[in-house]
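A look at the structure
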Protein chains: 2
Amino acid sequence: MSKKYGLHGKLKATAGNGEKLAAILLEASQLVSTAKGCHLYLISKDRKEEEAVWVTEVWDSKEDHDNSLNVEGVRALISQAMPILDGMPQKGQELEILGGAGIAQ
Amino acid sequence: MSKKYGLHGKLKATAGNGEKLAAILLEASQLVSTAKGCHLYLISKDRKEEEAVWVTEVWDSKEDHDNSLNVEGVRALISQAMPILDGMPQKGQELEILGGAGIAQ
């Protein structure tokens, strides 16, 4: 398959808001799930870091990823998340997906 | 859905062996793709680190992940990979998958 675009990054919530941030991101995952080029949008927690929520994405291209900001409802969710973020989101780890199992090739 | 087990980690090859390591891991991904509890086994590269190959896995449980070592052919692939690894593999980032899009719920 052609190389897909991956992104693995975290968002950190202010104290006590990790669950709320996770809920917002889970809602976002449903919105983008049908967006062009979206193969994976996983929301997870790392027990080592309270209040942090990890997002692991696979898209056909970086362009498709960038366009996901325009999916209806996504900006509203970003507006909900911003006030409970602990600092600005850091850029995630960009990955060049070579292949594997579990996503459409 | 119940919380699935995620693992995001890298293996680093000795100089010039990154492609070979990636090929071995892609072969492994096909072997484990039908193993019990396997939802995702992605192989990717991070352009910032030559010779490193990233593996991103999602399993129903850590137990299912651990059992994947027993899938036929996997140990043979590990034996192929060991001589071209640059040092011992470090433990990956363990994730508690809350949900999202792109894998079976």
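The structure presented is a predicted model; accordingly, all values stated were derived computationally and were not measured.

What counts as what
Residues numbered from 1 in each chain as written. Chains lettered and ligands numbered in written order. Predicted model: local features only at pLDDT ≥ 70, side-chain atom pairs only at ≥ 80, totals over all residues. Heavy atoms only, no water. Core = buried A, V, L, I, M, F, W, Y, C linked by side-chain atoms within 4.5 Å. Buried < 20%, exposed > 50% of the residue type's maximum accessible area, 1.4 Å probe, protein only. Helix = DSSP H or I, 4+ residues; strand = E, 2+ residues; numbered from the N terminus. Least-squares fit on C-alpha atoms with pLDDT ≥ 70 in both. Contact = heavy atoms within 4.5 Å. UniProt positions renumbered as here; feature names shortened; annotations may be inferred. Pairing = 2+ DSSP bridges. Axes fitted to C-alpha atoms, helices over the stretch in contact; angles between N-to-C directions. Salt bridge = Lys/Arg side-chain N within 4 Å of Asp/Glu carboxyl O. Polar contact = N/O pair within 3.5 Å; in protein donor to acceptor, adjacent residues only side chain to side chain. Patch = residues over 30% accessible without salt bridge, like charges linked within 9 Å, V, L, I, M, F, W, Y side chains within 5 Å. Areas by Shrake-Rupley, 256 points an atom, 1.4 Å probe, with all protein chains shown as cover. 1 Å grid on protein atoms, 1.4 Å probe; cavity = no way out; pocket = protein on both sides within 12 Å on 5 of 7 lines; lining within 4 Å. Points joined across faces, edges and corners; volume = space filled by probe spheres on them. Nonpolar A, V, L, I, M, F, W, Y, C, P; charged D, E, K, R; others polar.

Thoughts on the nonpolar core
Counting residues in each nonpolar core, the largest one holds 22 residues, and the members touching the most others are B:Leu21, B:Leu25, B:Val32, B:Tyr41, B:Ile43, B:Val53 and B:Trp59. Elements with a minimum of two residues in this core: β4 (93-101) of chain A together with α1 (18-32), β2 (38-45), β3 (52-59) and α3 (74-81) of chain B. When residues of this core are assigned to their parent elements, the largest contribution, 6 residues, is made by α1(B).

A look at the relation of the copies chain B and chain A
At an RMSD of 0.0 Å, chain B and chain A line up after a rotation of 180° and a shift of 0.0 Å along the axis. Considering both components of the superposition, the chain copies are consistent with a two-fold axis. Rotation axis and chain B: the residue whose C-alpha lies nearest the axis is B:Ile103, separated from it by 3.8 Å. A share of 100% of the interface residues of chain B reappears at the interface of chain A, consistent with the copies meeting face to face through the same patch.

Examining the UniProt feature "domain: ABM" (unreviewed entry) in chain A
Per the UniProt record, the feature "domain: ABM" (unreviewed entry) sits at residues 5-97 of chain A. Across residues 5-97 of chain A, helical content stands at 31% and strand content at 31%; the span's end C-alpha atoms are separated by 6 Å.

Some details on the sheet that holds β3(B)
With respect to topology, 8 strands assemble into a closed barrel ordered β1(A)-β3(A)-β2(A)-β4(B)-β1(B)-β3(B)-β2(B)-β4(A), the strand pairing being antiparallel. Between one strand axis and the next, the sheet turns by 35° as a mean value, whatever way the strands run. Here β4(A) pairs with β2(B) via 5 bridges, running antiparallel. Within β2(B), the residue paired with A:Gly100 across the bridge is B:Leu42. With respect to the sheet, α1(B) is in contact with β4 of chain A together with β1 (4-12), β2 and β3 of chain B, its orientation differing from that of β2(B) by roughly 170°.

As for the pairing of β1(B)
Residues and elements named next belong to chain B. Buried residues dominate β1, accounting for 7 of its 9 residues. Here β1 runs beside strand β4 (residues 93-101); their pairing, made up of 5 bridges, is antiparallel. Bridge pairing links Gly 6 to Leu 95 in β4. Pairing geometry for β1 and β3, over 8 bridges, is antiparallel. If you follow Leu 7 over to β3, its bridge partner there is Glu 57.

With respect to the interface of chain B and chain A
Counting residues at the interface gives 29 residues for chain B and 29 residues for chain A. When the shortest N-O distance is used, the salt bridge between B:Arg47 and A:Glu96 registers 2.8 Å. Where chain B packs against chain A, one counts 14 residue pairs in polar contact (both at pLDDT 80 or more). Looking at the side of chain B that touches chain A, the elements with two or more residues in it are α1, β2, β3 and β4 of chain B.

Focus on a nonpolar patch on the surface
Judged by side-chain polarity, A:Leu69, A:Ile78, A:Met82 and A:Met88 come together as a nonpolar surface patch covering roughly 390 Å² of accessible area. Following the sequence through the fold, A:Leu69 ends up in the loop between α2 (62-67) and α3 (74-81).

Here we look at unusual backbone geometry
Its identity is not glycine, yet A:Glu51 carries a phi of approximately 75°, on the positive side. Mapped onto the fold, A:Glu51 is located in the loop between β2 (38-45) and β3 (52-59).

Overview of empty space enclosed by the protein
Using the criterion set out here, one finds 2 cavities of 30 Å³ or more in the structure. By volume, the largest cavity is sized at about 40 Å³. Forming the boundary of the largest cavity are A:Gly6, A:Leu7, A:His8, A:Thr56, A:Glu57, A:Val58, A:Leu95, A:Ile97, B:His8, B:Leu42 and B:Thr56. When its residues are assigned to classes, the lining of the largest cavity shows 5 nonpolar, 5 polar and 1 charged. Empty space within the second largest cavity amounts to approximately 30 Å³. A:Leu42, A:Ser44, A:Thr56, B:Gly6, B:Thr56, B:Glu57, B:Val58, B:Leu95 and B:Ile97 are the residues that line the second largest cavity. Of all the elements, β3(B) adds the most residues to the lining of the second largest cavity, at 3 residues.

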